[in-house]
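Descriptive analysis of the structure
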Amino acid sequence: MKMPIGDKFALIERCRGCPNAVVDPLEAETVLAKVIEETGFEERQKERLKTGSPLYHQVFRIAIAGCPNSCSQPQIKDFGVQGQARPGPGEGCTGCGECVAACPDGLIRLSESGPVIDFSRCLNCALCVRACPAEALKVDQRGYKILIGGKLGRRPRLASTMARLGNEAELAAALKKAFMFLLEHGRPHERLGDLVDRCGNVNILPKT
Ligand code: SF4
Ligand code: SF4
Ligand code: SF4
């Protein structure tokens, strides 16, 4: 959903979706738009910031990407969502090597018992799953990577990870939490990323 800039205090941008999508960006948008409405975030920001036309940095920017390619740039938005599909082993590997060729990051090698994935670097794009002609790889888990606090501007900041494979309920809860955090603790010209840094991440990010 792209709304005209001017009187909006929260904007959602999503990628157009394509065959690479591992979640439906439109579904995520529906979940997040409902949170904006139910929390009254825009009205509350209007009151808190004492203006009807926010400046660029006062608009809470949300971006949804259907896969880790991240065309809508969720890593530099106040709240970002990235589709995730974690590959796992199926049965009947023929050793054809299609999955090895399909991984853009070179994270798969073949062993005698089938593919071995370097999960420490895997982005959960599932391109390897799509490439397998034998269904010997399958999607084990699907969900949303949830990012907060990204921005460009004077001091750019890449978003912090709030959840790695969240479901829709967790997605809605995360946005609500981010809104409340900003409404309750944010300074008038402060972006969420700066607020997260000022408060030492403790109030909003999961303990690791
Ligand atoms: S982010 Fe992924 S699903 Fe969305 S348009 Fe880009 S490549 Fe396609
Ligand atoms: S999910 Fe993507 S990054 Fe991970 S191993 Fe498969 S192709 Fe590579
Ligand atoms: S593409 Fe499928 S069948 Fe081919 S090597 Fe990879 S897992 Fe095995």
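Here the structure is a predicted model, which is why all the values come from computation and not from measurement.

**A closer look at the site of ligand 1**
Lining the immediate environment of ligand 1, one finds Cys15, Arg16, Gly17, Cys18, Asn20, Ala21, Ala65, Gly66, Cys67, Asn69, Ser70 and Cys71. Considered class by class, the residues forming the shell around ligand 1 number six nonpolar, five polar and one charged.

**Quick notes on the domain arrangement of the chain**
How big an interface is tends to be reported as the loss of accessible area on association of its parts. For the chain, the assigned domains read domain 1 (10-82 + 142-198) and domain 2 (86-140). Averaged C-alpha coordinates put domain 1 and domain 2 at centres separated by 31 Å. Listed per partner, the contact involves five residues of domain 1 and six residues of domain 2. Among the residues forming the side of domain 1 that touches domain 2, the class breakdown is four nonpolar, no polar and one charged.

**Here we look at the nonpolar core**
The biggest cluster of nonpolar side chains holds 46 residues, and the ones touching the most others in it are Cys128, Ile146, Ile148, Leu175 and Ala178. The greatest single-element share of this core, amounting to six residues, is contributed by helix H5 (residues 168-185). No fewer than three residues from each of domain 1 (10-82 + 142-198) and domain 2 (86-140) sit in this core.

Calculation criteria
Residues numbered from 1 in each chain as written. Chains lettered and ligands numbered in written order. Predicted model: local features only at pLDDT ≥ 70, side-chain atom pairs only at ≥ 80, totals over all residues. Near = placed C-beta within 6 Å. Nonpolar A, V, L, I, M, F, W, Y, C, P; charged D, E, K, R; others polar. Domains from an automatic or database assignment. Contact = placed C-beta atoms within 7 Å. Core = buried A, V, L, I, M, F, W, Y, C linked by C-beta atoms within 7 Å. Buried ≥ 20, exposed ≤ 12 C-beta atoms within 10 Å, placed from the backbone. Helix = DSSP H or I, 4+ residues; strand = E, 2+ residues; numbered from the N terminus.

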